[in-house]
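Summary of structural features
Spelled out from the first residue to the last, the chains are:
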Amino acid sequence: MMDRRAFLTVGGAAAGLALLGSAPAAGAAPATTRSGPAERRAGIYPDVADTSHASKRAVAFFRSYYTAKDLRDSDAFMEHYLRSQVGYYDGVLGGSVVVTDWTIMKEANTQAMSSWAPGALAYPLRIVGDTHSAIVHFVDTPEMFGAEIRGLSTFDFKDGRITRQVDYWDGRRNPFITGRAPVDQYPRTLGVEKVRQNASPAIDRVARQLGAAMGAGDAARSAALFSADAVFEDLTTRAGLQGRLAIGRYLQRALPQLPYGPGAVVRHVLGSAQGGGYEWVVDGRPELSGVTALELDSVGRITRLNTVWDGSRHSDPAMRSLAALSIED
C-alpha cells in the first residue's frame, strides 16, 4: 500500500501518497535488499500468509516485495515496478492519490519510509493469483499510518514487474480519509485502460458470472457459484458467513443494500485458475468502487470470497443496518 503521508506531499496532488507495497518480478524476484543481517531480522514480517491459491513465483515475488518495504529499502522496493509503465491508484482517496511516474513514486516512497514509526510493518494475509495478475489481502500496522489498515490490493504485471496497483480499504475511522478527492475529481477508470487483462479464462468466467449475478441482485444465482463449505467475508461490514446455504440466505437479505449488488459492474478481472477476483464499480458512480477476491476449487467453484469497499461513504446508521443483516432471525 502506498504511504498516504508522502503521497500528499511529494509531487503535488497528482503524486499523492507514497506507494508502499509491491512484489518482485514474475520469473526471478528482484533483489530483496542490500541491508545487513541485523536489519534483515528487524524487517521480517509475520509469515502468516495463506498462499494455497497463489503460484510459487507470486509467493516469492510478494515476499521480496514486503521484505524490501519493511526494511525501508526504497531501492529494492522500487525494483518491483516496471520503470517504463507504472501506475498506482488509491481506490478510496481517488484523484488525491494517483502516480504514473516511476521517479516520483521512488521519491515518495523514500520520504514515506523515513517517516514511519519504529515497528511499522506491512505484510500479506492471503495471496491469490500469479505473476500475470494477483490480489493480496494485506495489513498495515498502526505505526505506519497512524491507524491499522486491512485491505485488498490488486496487481497487474508485465515482464515480471508491476504495471498497475490499486489499493482498496475501508476509510471509516481512518485519519487519511480527510485527504479524499471530491467526487467530481475521482478517476473514472483507475488506469484499467492502460494495462492488458491477464486473468486466466477460469477466473475470468467465474468473476464475471458472479459480478453479473450480484449486479442484477440475483442472490440465488450468486450463491450457486459457491462450494458447499465456502467462506464469505466482507471486510467492511465485518460480515462472515460459512457454507453456501448461509451465504445464499445472507445475499437474499443484504444484496439489495450492498454496494456490489444491484447496479455494480465488473471493472477488471485478475488472477489464475486457482484464484484472483475482480474490481467492481457502481455504474455511473466511479467513487463507489471496491474489489472482491475469490479462491476456486479444482472445478471452478468459489471456496472463499473476501471483499472490501469504502464504508466512510455510508452513515453510521447505514453501516449498522448492513452489519445487522449478517445475523439470521
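Predicted model only: the values in this text are computed from it and were never measured. (Residues numbered from 1 in each chain as written. Predicted model: local features only at pLDDT ≥ 70, side-chain atom pairs only at ≥ 80, totals over all residues. Heavy atoms only, no water.)

1. Looking at the pattern of salt bridges
Worth spelling out the cut-off: Throughout this description, the term salt bridge denotes a Lys or Arg side-chain nitrogen within 4 Å of a carboxyl oxygen of Asp or Glu. Partly exposed describes any residue whose relative accessible area lies between the buried limit of under 20% and the exposed limit of over 50%, with all areas from a 1.4 Å probe on protein chains only and scaled to the type maximum.
Within the structure shown, the criterion is met by 21 salt bridges. For D310, the salt bridge goes to R313, with nearest N and O atoms at 3.9 Å. What makes D310 buried here is its relative accessible area of 6%. Among the residues examined, R313 registers a relative accessible area of 23% and is labelled partly exposed. A cluster of three or more residues bridged by salt bridges with shared partners is formed by D50, R126 and E295.

2. Structural notes on the sheet that holds strand 8 (residues 226–234)
What counts, and what does not: Two strands qualify as a pair provided DSSP detects at least 2 bridges between them. Put simply, DSSP H or I for four residues or longer makes a helix, DSSP E for two residues or longer makes a strand, and each gets a number counted from the N terminus. For every element, the axis is a line fit to its C-alpha atoms; helices are fit only across the contacting stretch, and the angle between N-to-C directions ranges from 0 to 180 degrees. Only heavy atoms enter the contact rule, under which two residues are in contact if any of them lie within 4.5 Å.
With mixed pairing, the six strands of this open sheet are ordered in space as 9-8-13-12-11-10. This sheet does not close on itself; its edge strands, each paired only once, are strand 9 (239–242) and strand 10 (264–271). Across the sheet, the mean angle from the axis of one strand to that of its neighbour is 20°, orientation sign disregarded. Sheet topology places strand 11 (residues 275–282) next to strand 12 (residues 285–296); eight bridges connect them, and they run antiparallel. Bridged to V281 within strand 12 is S289. With respect to the sheet, helix 7 (residues 201–215) is in contact with strand 8, strand 10, strand 11, strand 12 and strand 13 (302–309), its orientation differing from that of strand 10 by roughly 160°.

3. Description of the packing of aromatic side chains
Counted only if it meets this: To pair, rings of Phe, Tyr and Trp, with the six-membered ring standing in for Trp, must have centres within 6.5 Å; the planes then decide the type, stacked if under 30 degrees apart, edge-to-face if over 60, and tilted in the middle. Here, over-ring charges are defined by two tests on the NZ atom of lysine or the CZ atom of arginine: distance to the ring centre within 6 Å, and angle to the ring normal within 35 degrees.
If you walk through the whole model with that rule in mind, you get 15 aromatic pairs. Taking the centre distance of 5.3 Å and the plane angle of 90° together, the rings of F61 and F62 count as edge-to-face. With respect to class, F61 is no different from F62; both count as buried. Each residue in the set Y45, F61, F62, Y65, Y66, F77, Y81, F155 and F157 is aromatic and connected to the rest through ring pairs, giving one cluster. When the ring centre of W102 is taken as origin, the NZ or CZ atom of R83, which lies over that ring, is 3.9 Å away.

4. Describing the pairing of strand 13
For strand 13, the buried fraction is high: seven of the eight residues fall into the buried class. As paired elements, strand 8 and strand 13 share five bridges and run parallel to each other. Its bridge partner lying in strand 13, E233 is registered against N306. Linking strand 12 back to strand 13 in an antiparallel pair, the connection comprises five residues, with G300 at a positive phi of about 85°.

5. A few points about unusual backbone geometry
Excluding glycine, most residues fall at negative phi; most peptide bonds, likewise, are trans. Phi angles above zero are rare outside glycine, and R72 is one such case at about 60°. Among the structural elements, R72 can be located in the loop between helix 3 (56–70) and helix 4 (74–78). Even without glycine at this site, L190 takes up a positive phi of about 55°. Tracing the sequence through the fold places L190 in the loop between strand 7 (161–168) and helix 7.

6. Side note on the sheet that holds strand 2 (residues 88–90)
Sheet architecture is open: seven strands sit in the order 1-4-5-6-7-2-3, paired in mixed fashion. If you trace the sheet from one side to the other, it starts and ends with strand 1 (50–54) and strand 3 (94–99), each paired once. Mean inter-strand twist for the sheet, computed between neighbouring axes without regard to direction, equals 20°. Alignment of strand 5 (residues 133–140) against strand 6 (residues 149–158), held across eight bridges, turns out to be antiparallel. What sits directly across from V139, in strand 6, is R150.

7. Thoughts on the confidence of the model for the protein chain
Interpretation of this model should avoid reading the predicted coordinates in detail wherever pLDDT is low. Applicable threshold: Note on scores: pLDDT gives the predictor's confidence for each residue, bounded by 0 and 100.
Per-residue pLDDT for the protein chain has a mean of 88; in total, 87% of the residues score no lower than 70. Scored below 50 in pLDDT, residues 31–42 makes 17 contacts in the model with residues more than four places away or belonging to other chains.

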